[in-house]
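Structural features, examined
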Amino acid sequence: MLTAGWVRSSGRDLNPRPLRSNGNGKTSTSSYTFLILLSKPSQRSLLCHFQSPMESVNVLKGYGKVSSNLENQNLHRSKIIRRSLIFSALFLTLIIGLMLALLIHESNTESPESGSDSPSLSSASNSVNSIKTVCNVTRYPASCFTSIHSLNASIKPDPEAIFKVSLQVSIKELKNVSSLFTTLNDAKSQAAINDCLSLFDDSLSRLNDSLSAMEVGPEEKALTLEKINDIQTWISAAMSDQQTCEDGLEEMGSMVLDEVKAKMENSKEFLSNSLAIVAQMQSLLEKFDLKMH
């Protein structure tokens, strides 16, 4: 047989008894233990142990305080982590900004040394862009840029200087074509070949005159409107000489006509480029905010 009841925890009496009232209708807050006992004293054993209702409430309140403290600690830790991340991001942004500002400052203040034989990267870039701008007014901008840039010369970002180099390119190519006629062997068209030699000598003379006109003293202008008109006439004459040579070989039914045409292809383009540049010289100088000098 089983017996059950609440027993005061501090007492030693294990006899079951009901809960006490304190006389005002409220249950005592003393700690009790609920026992389930066997009927025989010799076999009494504690089967179940429960805390009293008020003791359970106090325990739950204690757990609530611990949980609240943990939440406060976690919230505080989260705030610290968040602030650390924000500070790190701001610091990294500041470092990147300073590095970019330094790079921009260096690129803006860097300039080529005066009298230097090898131009700096910035001057080389300006030279390339200037050549492209000038060559864009020609009929063959690709060959214009390649032929001028391939000289590996230190070219000022100046339309007049670039035009001067284009004349040098044309003269060099005319000499190559002229040397070809000394090696050709075609008895049927030998007279036309000799005419071509004479015509190319005349063309080279006109182009050299154009270069000479730009060689002036320190207080003289390399180009004037009068010089530009003369140079245009000389270059046009050189182009006509090439066409006259080609027409003469064709009339004679020369066997070397195709070879000569292929050889003259570059020289024709280079002369055309030089003529276009000098014809647009005034507008080019305005693009560079320059005047004839």
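From a predicted model like this one, the values you see are computed outputs, not experimental measurements.

**Brief notes about the state of the cysteines**
- Scanning the entire structure with this criterion turns up two disulfides.
- Put simply, cysteine 135 and cysteine 144 are joined by a disulfide, and their sulfur atoms are 2.1 Å apart. Residues cysteine 135 and cysteine 144 are joined by a disulfide whose S-S torsion is about -70 degrees; by sign, that bridge is left-handed. Accessibility classification places cysteine 135 together with cysteine 144 in one group, the buried group.
- With a sulfur-sulfur separation of 1.8 Å, cysteine 196 is cross-linked through a disulfide to cysteine 245. Across the disulfide from cysteine 196 to cysteine 245, rotation about the S-S bond amounts to roughly 100 degrees, and the bridge is consequently right-handed. With cysteine 196 in helix H5 (residues 190-214) and cysteine 245 in helix H6 (residues 225-251), this pair connects stretches of sequence that are 49 residues apart. This pair shows no difference in class: cysteine 196 is buried, exactly as cysteine 245 is.
- The connectivity of the disulfides in the protein is 1-2, 3-4, where the numbers refer to bonded cysteines in sequence order.

**Things to note about the nonpolar core**
- Formed by 46 residues in total, the largest nonpolar core has its most connected members in Ile148, Phe163, Phe181, Leu207, Ile235, Leu249 and Val260.
- Of all the secondary-structure elements, those providing two or more residues to this core are helix H2 (121-135), helix H3 (141-149), helix H4 (159-181), H5, H6, helix H7 (257-279) and helix H8 (281-287).
- Of all the elements, H4 adds the most residues to this core, at ten residues.
- With sequence-adjacent residues up to four places away left out, phenylalanine 181 is seen in contact with Ile193, Cys196, Leu197, Phe200, Cys245, Leu249 and Val260.

**Side note on the packing of aromatic side chains**
- A full pass over the atoms with the stated rule returns one aromatic pair.
- Relative to phenylalanine 200, the ring of phenylalanine 181 lies with its centre 5.3 Å away and its plane at 55 degrees, an arrangement referred to as tilted. Taken together, the positions of phenylalanine 181 in helix H4 and phenylalanine 200 in helix H5 put the pair 19 residues apart, joining distant regions of the chain.

Definitions and cut-offs
Position numbers for residues count from 1 along each chain, tracking the sequence in the order it is written. With the structure being a predicted model, the display of local features is reserved for residues of pLDDT at least 70 and the display and counting of side-chain atom pairs for 80 or more, all residues being used for whole-chain, interface and lining totals. To obtain the side-chain values, all non-hydrogen atoms of the structure were used and water was disregarded. Cysteine sulfur atoms that come within 2.5 Å of each other are treated as a disulfide pair. Three labels apply to residues, based on accessible area from a 1.4 Å probe with only protein chains included: buried if under 20% of the type maximum, exposed if over 50%, partly exposed otherwise in between. Segments assigned H or I by DSSP are reported as helices when at least four residues long, segments assigned E as strands when at least two residues long, and all are numbered from the N terminus. Take the buried residues of types Ala, Val, Leu, Ile, Met, Phe, Trp, Tyr and Cys, join any two whose side-chain atoms come within 4.5 Å, and each joined set is a nonpolar core. Working rule for contacts: check all heavy atoms of both residues, and any pair within 4.5 Å makes them a contact. Classification of ring pairs uses Phe, Tyr and Trp, with its six-membered ring standing for Trp, and accepts pairs whose centres are within 6.5 Å; under 30 degrees between planes counts as stacked, over 60 as edge-to-face, and the remaining range as tilted.

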